[in-house]
Amino acid sequence: MSYYQVEGGFPLRGSVPTQGAKNSAVHLIAASLLAKSEVILENVPAIADVLKMIKILEKIGARVAFDQAKHTLTVDSSYPVNPHILDPTASELRASLSFMGALLSREKEMSIPFPGGCNIGNRPVDLHLKGFSVLGAKTSLEHGLITAKGSRLTGKRIYLDYPSVGATINLTMVAALAKGETIIENSAEEPEIVDFCNFLKKMGAKIKGAGTKRLVIKGVPSLHGARHRVIPDRIEGGTYLIAGAITGGELTVRDIVPYHLEPLLVKLHESGAEINLAKNKVTIKVRGRLKAVNIKTMPFPGFPTDLQNQMIPLLSLAEGTSVVTETVFENRFNLVGELRKMGANIQIEGQSVYIQGVESLTGAKVACTNLRAGASLVLAALAAKGHSEVHDIEHVERGYENMEEKLRASGAKIRRIF
Ligand code: UD1
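All values derive from a computational prediction rather than experimental measurement.

Thresholds, definitions, all that
Along each chain, residues carry numbers from 1 onward, in the same order as the chain's sequence is written. Only residues with pLDDT of 70 or above have their local features reported here, since the model is predicted, and side-chain atom pairs are shown and tallied only from 80 upward, although totals for entire chains, interfaces and linings are computed over all residues. For the side-chain quantities, the full set of heavy atoms in the structure was used; hydrogens and water were omitted. Two strands qualify as a pair provided DSSP detects at least 2 bridges between them. By the criteria applied, helices consist of DSSP H or I runs no shorter than four residues and strands consist of E runs no shorter than two, each listed in order from the N terminus. Two rings from Phe, Tyr or Trp (for Trp, the six-membered ring) form a pair when their centres sit within 6.5 Å of each other. Planes less than 30 degrees apart are called stacked, planes more than 60 degrees apart edge-to-face, and all others tilted. Exposure classes here rest on a 1.4 Å probe applied to the protein chains alone. A residue is buried below 20% of its type maximum, exposed above 50%, and partly exposed in between. Expected span of a helix, by definition, is 1.5 Å for each gap between consecutive residues, and there is one gap fewer than residues.

Engineer: When you look at the pairing of strand β5 (residues 72-76) in this model, what are you seeing that I'm missing?
Structural biologist: Regular strands show a simple pattern: their side chains alternate between the two faces of the sheet. Sheet analysis places strand β3 (residues 38-42) next to β5, joined by 4 bridges and oriented antiparallel. Its bridge partner being in β5, V39 is matched across the sheet by V75. Taken together, the 5 bridges between strand β4 (residues 63-67) and β5 define a ladder with antiparallel strand orientation. For V64, the partnering residue across the bridge sits in β5 and is V75. Once β4 ends, the chain turns through 4 residues before running back antiparallel as β5, passing H71 with a positive phi of about 60°.

In structure tokens:
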């Protein structure tokens, strides 16, 4: 099995480009089915989750061409598609849930195996299914299979108990082709939702309120093809900023939207990092030891749960005690055992970790348990004294394109061993 070999203790210097956002691209791929014609997506990252979404799309009947070097994906969904997904690939990633909304909207029926993805909590689908029911679909979840059917889908007012990213995306797709107006109250406000709505609008959807807690969608009879550029990956970009900080380096992360990273930048600044912003890049510089800070994850514009794990090794080296509280997922601290092998002093209490900063971490053999935990272990290894091996990196490669090459170009001593 492949793993990363890392010699820690080298400050990162230089500049790193950011890929297109994984958490936007995967949903846009499913949504391309709504066009029933050709869609071109630019800035699509060549990562495992994207390749899996493409595989599912092809299996149900769409024609897809992915130029991985140019990051351009062409989807032609003018062919008949099978709304019943049997491919077990769908159960390997959470993003496959977006096929629910896309297929129900387009074919008025769908079935899909219950999805997997990162092992970070229960991750139910009740909000998605309740919303489909409000719009007139009959839904079921039996024997691990989710189904929905509705020949007369009609716009309604939906209140989401929680601003779920996935449910907002699915309900927007169904509402886009339903009869009449849908209002989604307490919708998710993440930048990826805004990107998603912008893409649908280019296809002819009538959507207002993207990026707020209230989406208003006027159904139209059909959508058409479009060309769209995926927004930058704030989580990937944020991970590299933390890499710059944890190694005491000076790193510019380019091709990003600084506003999307504000919750992270505020915390890095509070801990003592120097931050310089430009239009589409951020430079971080760290001199000396950082200070402890407290973090609580929340839906956007709060601190992103997907960057919480990466902050834990950084705070493990900061002066003082930090508290990191996770409010979005129930099980997002399963990297702590691995970080302890490197000398981190961390206690877990319920949904919080108490981190007592230590002077240094030491290299160790560690294993990734999920995507962001894996990224976090790479950061810890970059900062640790001596040699580390980071195993089970297929988790990392679900979401980061060429991570080791990007880090190496900035001075990291990291190699992927095949
Ligand atoms: C998406 C992102 C993920 C990110 C998360 C929160 C993708 C592919 N993944 O995941 O990286 O961490 O947003 O920003 O875009 N919930 C329910 N019932 C539901 C749906 C969700 O209780 O029907 C709960 C979840 O268990 C979780 C919370 O709501 O506790 C947030 O989940 P949600 O926003 O739906 O996240 P995802 O769309 O799965």
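Engineer: What exactly am I supposed to notice about the packing of aromatic side chains here?
Structural biologist: How two aromatic rings sit relative to each other is given by the distance of their centres and the angle of their planes. Evaluation of the coordinates by the stated rule reveals 2 aromatic pairs. Seen in terms of ring centroids, Y240 and Y400 are 6.4 Å apart; in terms of plane orientation they differ by 70°. Their pairing is edge-to-face. In this pair, Y240 sits in helix α7 (residues 234-246) while Y400 sits in the loop between α12 (394-397) and α13 (403-409), placing the two residues 160 residues apart along the sequence. Side by side, Y240 and Y400 carry an identical accessibility label, which is buried. Their ring planes at 85° and their centres at 6.0 Å tell us that Y259 and F300 sit as a pair that is edge-to-face. In this pair, Y259 sits in the loop between β14 (250-254) and α8 (262-270) while F300 sits in the loop between β17 (295-296) and α9 (305-316), placing the two residues 41 residues apart along the sequence. Take Y259: its relative accessible area is 51%, and that puts it in the exposed class.

Engineer: Whenever I open this one, helix α6 (residues 191-202) confuses me. Can you help?
Structural biologist: Think of an α-helix as 3.6 residues a turn; residues three or four steps apart then line up on the same face. With 12 residues, α6 should cover 16 Å at 1.5 Å per step; its first-to-last C-alpha distance of 17 Å lies within 8% of that length. Where α6 is concerned, the buried positions are P191, E192, I193, D195, F196, C197, F199 and L200. Note on α6: the residue one or two positions beyond its end, G204, has a positive phi of about 110°.

Engineer: Is there a simple way to think about unusual backbone geometry in this case?
Structural biologist: Backbone geometry follows two general trends: most residues other than glycine have a negative phi, and most peptide bonds adopt the trans configuration. Geometrically, the link from F300 to P301 is a cis peptide bond, its omega value of 10° lying close to zero. Among the secondary structure elements, P301 is positioned in the loop between β17 and α9. Phi at K108 takes a positive value of approximately 65°, unusual for a residue other than glycine. Within the element layout of this structure, K108 appears in the loop between α3 (98-107) and β6 (109-113). Of note in the backbone geometry, H143 takes a positive phi value of approximately 50° without being a glycine. Within the fold, H143 resides in the loop between β7 (138-142) and β8 (145-149). With relative accessibility at 85%, the residue H143 sits in the exposed group.

These results come straight from atomic positions and should not be treated as a statement about function.
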